[in-house]
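The primary structure of each chain is shown beneath.
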Amino acid sequence: MAYMKILITGDAGFVGRAFHRALDDKGHDITGIDIANGIDCRDFFKKDDTRYDVVIHLAAIVGGRATIEGNPLAVASDLAIDSDMFQWAVRTRPKHLVYFSSSAAYPIYLQKAAYKQRLREPDINLDHIRTPDLSYGWAKLTGETLARYARAEGIKVNVLRPFSGYGSDQALDYPFPSLIARGKAKQDPFEVWGTGEQVRDFIHIDDVVAATFEAITNNVQTLNLCTGRPTSFIQLAEMIMLTQGYLAPIKKHPGKPSGVEYRVGDPLKMLQVYEPQISLEEGIARALKE
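Note that the structure is predicted; figures quoted are calculated from it, not measured.

With reference to specific residues and values, describe the overall build of the protein chain.
Regarding its fold elements, the protein chain presents 11 helices and 14 strands. Computed over the C-alpha atoms, the radius of gyration of the protein chain is 19 Å, within 12% of the 19 Å expected from 2.2 N^0.38 for a compact globule of 290 residues. Counting every position in the protein chain, which comprises 290 residues, the buried fraction comes to 50%. Expressed as a percentage of contacts within the protein chain between residues at least 6 apart in sequence, the contacts between residues at least 24 apart total 80%. About 13,000 Å² of surface is accessible on the protein chain, with carbon and sulfur atoms providing 51% of the total.

For the packing of helix α5 (residues 77-92) against helix α6 (residues 134-152), give the residues involved together with the corresponding values.
Relative to each other, α5 and α6 sit at 10°, their axes nearing to 9 Å. Between α5 and α6, the angle falls in the class roughly parallel. Residues Asp78, Leu79, Asp82, Ser83, Phe86 and Val90 of α5 form the contact with α6, whose own contacting residues are Tyr136, Ala139, Thr142, Gly143, Leu146, Ala147 and Ala150. Residue classes in the contact of α5 with α6 are distributed as 8 nonpolar, 3 polar and 2 charged.

Quick one: what's the story with the side chain of Gln111, residue by residue and with numbers?
Relative to the elements of secondary structure, Gln111 occurs in the loop between β4 (96-100) and β5 (118-119). Here the side chain of Gln111 touches Tyr106 through a polar contact of 3.1 Å, landing on its backbone oxygen. Separated by 2.6 Å, the side chains of Gln111 and Arg263 make a polar contact. Aside from chain neighbours lying at most four places away, what touches Gln111 is Ser103, Tyr106, Leu119, Val260, Glu261, Tyr262 and Arg263.

Explain the packing of aromatic side chains to me, using residue names and the numbers behind them.
In this description, a pair of aromatic rings is defined by centroid distance and the angle of the planes. Scanning the model with the defined rule gives 12 aromatic pairs in all. Judged by centre distance (6.3 Å) and plane angle (50°), the ring pair of Phe44 and Trp88 falls under tilted. Linking Phe44 in helix α2 (residues 41-47) with Trp88 in helix α5, this pair joins segments that are 44 residues apart in sequence. Neither Phe44 nor Trp88 differs from the other in exposure class; each is buried. Ring pairing ties together the aromatic residues Phe44, Phe45, Tyr52 and Trp88, which thus form one cluster. In this structure, Arg130 is placed above the aromatic ring of Tyr109, and the distance from its NZ or CZ to the ring centre is 4.4 Å.

Definitions and limits used
- Residues numbered from 1 in each chain as written.
- Predicted model: local features only at pLDDT ≥ 70, side-chain atom pairs only at ≥ 80, totals over all residues.
- Heavy atoms only, no water.
- Helix = DSSP H or I, 4+ residues; strand = E, 2+ residues; numbered from the N terminus.
- Rg over C-alpha atoms; globule rule 2.2 N^0.38 Å.
- Buried < 20%, exposed > 50% of the residue type's maximum accessible area, 1.4 Å probe, protein only.
- Contact = heavy atoms within 4.5 Å.
- Areas by Shrake-Rupley, 256 points an atom, 1.4 Å probe, with all protein chains shown as cover.
- Axes fitted to C-alpha atoms, helices over the stretch in contact; angles between N-to-C directions.
- Parallel < 35°, antiparallel > 145°, perpendicular 65-115°, else oblique.
- Nonpolar A, V, L, I, M, F, W, Y, C, P; charged D, E, K, R; others polar.
- Polar contact = N/O pair within 3.5 Å; in protein donor to acceptor, adjacent residues only side chain to side chain.
- Phe/Tyr/Trp six-rings, centres within 6.5 Å; stacked < 30°, edge-to-face > 60°.
- Lys NZ or Arg CZ within 6 Å of the ring centre and 35° of its normal.

This is the structure:
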């Protein structure tokens, strides 16, 4: 990638740190803003007039399943964040704007274990919206709608829908690092939230970052970031234990937040521009070593 002036919002978070690792030594002019570092992006958007080559918008209220289910009003703050960002973008006109939506924006009626349906980009129809996953899903659907309005104003917007991104430095609010921590401790019995039968599509954070660059290069308007590989929490726990050289009984916690039954993406469109390089087995092995 040639020299660029890049803005990363939410750059102190898990995904933001991964973008820094990929970009910091490439000679770009990178600006990072994050409330964790004392910079509220909403204040930034009100005052800044810089025209960036690339904006990677990650700033959001996040915190895993417990936050999505337990504090929906806090998550709804994402509506204000995204509104301010898109208004700023129309004013300053960046050359490329990457909006990180979410697989939570997909209709929940499609995410039943009985269907085993891979979620495709056209499954979200902004002219005929179906109920997404709680307030987080609604916020992301609204953001995608604002992205459409921004495109109408001439802004190039790439909307990305990551599925279960994971990596070694992710907060314990999320399932993958929590299960890794239990595996490192050789927990016995091994605890999982919910029934353990809930299925997700895990994609390594390095593949998320690399696929983002390809989406920008190829000007893909809307793209799943996924592998298409269904993995239940029980299966993930067993893979972790086997990599650690032991196998213990699974202790389920059905009263804990567990989310939808089956959330797996269709990677067909992504595979036209990028193929994931890190298997779940390799990602588990990396995380257990760190």
